[in-house]
Amino acid sequence: GVGLASARAIAAPPTNDDPFADYRERFKQGMDRYKAGAFTEAVGYWEPIYAELGQPKGYRLAYNLGVSYQELGDATRAAEHLQSFLAQVDAKRAAGESQPAIVQKEEADAKDRIAALTAAKGRIHVDPGSPPRATQVDAMEPRLATFVAWVNPGQHTVTFGPGSPSPETRTLEVHAGELLEVSPAPAPASPALTLTPAPAPAPAPTP
């Protein structure tokens, strides 16, 4: 299955420069859950490792997470992790680092997965505004930063400031392969900031 070959590569005996050396047992537990089809549990083991390693060191794990999220039907997180993996592969290649054959195979698979997601899903590019407001797409977790939500074709609701006294809601019709941009309405200018110019001083009387 996808990701299993990468597990064997990652699970090689640790060397001094092996970023996974301290995480091997937890990684293996996650892989055992992955092989059993328990993708949520696999993600539960792998996400903390990925967060601790960071993107450059943990990029191989980003691939496995992307595949797991895709299996779980979370296209947004799947795409984010697969794109992060591809970006790191590109960066390492640009830096002159050679990539093992398994990484090249994962790279081709990740590109195929992104292409399939792009063709099947619609994308909503969310700009949270300035200052940023927490933004929620459908029932997804609200986010403060700019992000792209990958959604099934159809109607979707974008809510700026969910749970706030004055949330702003937009309903969008999204088609497969389409990328829509959405941002909140600009905040109304505060009356306190519109100053009327002071009257010009009267000319001094000439003696």
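All figures in this text were calculated on a predicted structure; none of them were measured in a lab.

## Notes on the pattern of salt bridges
So, step 1. All told, the structure shown has 13 salt bridges when counted by the stated rule.
So, step 2. Where Arg60 meets Glu106, a salt bridge forms, and the shortest distance between an N and an O atom there is 3.1 Å. A residue pair is termed long-range when its members are at least 10 positions apart, and Arg60 in helix H4 (residues 59–71) and Glu106 in helix H6 (residues 101–120) qualify at 46 residues. Grouping residues by exposure puts Arg60 and Glu106 together as buried.
So, step 3. Across the salt bridge formed by Asp74 and Arg77, the nearest N and O atoms sit 3.1 Å from each other.
So, step 4. Residue Asp74 is classed as partly exposed on the basis of its relative accessible area, which comes to 23%.
So, step 5. Residue classification places Arg77 among the partly exposed positions, given a relative accessible area of 29%.
So, step 6. Put simply, Asp90, Arg93, Glu107 and Lys111 are held in one network by salt bridges that share partners.

## Description of the sheet that holds strand S3 (residues 147–151)
So, step 1. In spatial order, the strands read S3-S1-S6; together these three strands make up an open sheet with mixed pairing. In this open sheet, the two edge strands, each paired with only one partner strand, are S3 and strand S6 (179–182). Sheet twist, expressed as the average angle between the axes of neighbouring strands with direction ignored, equals 25°.
So, step 2. Inspection of the sheet shows strand S1 (residues 122–126) paired to S3 by five bridges, in the antiparallel sense. When the bridges of S3 are listed, Gly122 appears paired with Val151.

## A look at the packing of aromatic side chains
So, step 1. All told, the structure shown has five aromatic pairs when counted by the stated rule.
So, step 2. Relative to Trp46, the ring of Tyr34 has its centre 5.8 Å away and its plane inclined at 35°; by these criteria the two rings are tilted. Remark: Trp46 occurs in helix H3 (residues 39–57) and Tyr34 occurs in helix H2 (residues 24–35); sequence separation between them is twelve residues. The two residues Tyr34 and Trp46 agree in class, both being buried.
So, step 3. Every member of this aromatic cluster is reached through a ring pair, and the members are Phe27, Tyr34, Phe39 and Trp46.

Rules and cut-offs
By convention here, each chain's residues receive numbers from 1 onward along its written sequence. A pLDDT threshold of at least 70 governs which residues receive local features in this predicted model, and a stricter bar of 80 or more applies before side-chain atom pairs are shown or counted, although totals over entire chains, interfaces and linings include all residues. Note: side-chain values were computed over all heavy atoms of the structure, leaving out hydrogens and water. Any Lys or Arg side-chain nitrogen located within 4 Å of an Asp or Glu carboxyl oxygen qualifies as a salt bridge. Labels follow the DSSP assignment, with helices taken as runs of H or I lasting at least four residues and strands as runs of E lasting at least two, numbered in each case from the N terminus. For every residue, the accessible area obtained with a 1.4 Å probe (protein chains only) is divided by the maximum for its type, and the residue is called buried under 20%, exposed over 50%, and partly exposed between those limits. Should DSSP find at least two bridges between two strands, the strands are taken to pair. For helices, the fitted axis covers only the stretch in contact; all axes are lines through C-alpha atoms, and the angles between them, taken along N-to-C directions, range from 0 to 180 degrees. For Phe, Tyr and Trp, rings pair up if their centres lie within 6.5 Å, where Trp contributes its six-membered ring, and each pair is then called stacked (planes under 30 degrees apart), edge-to-face (over 60) or tilted (otherwise).

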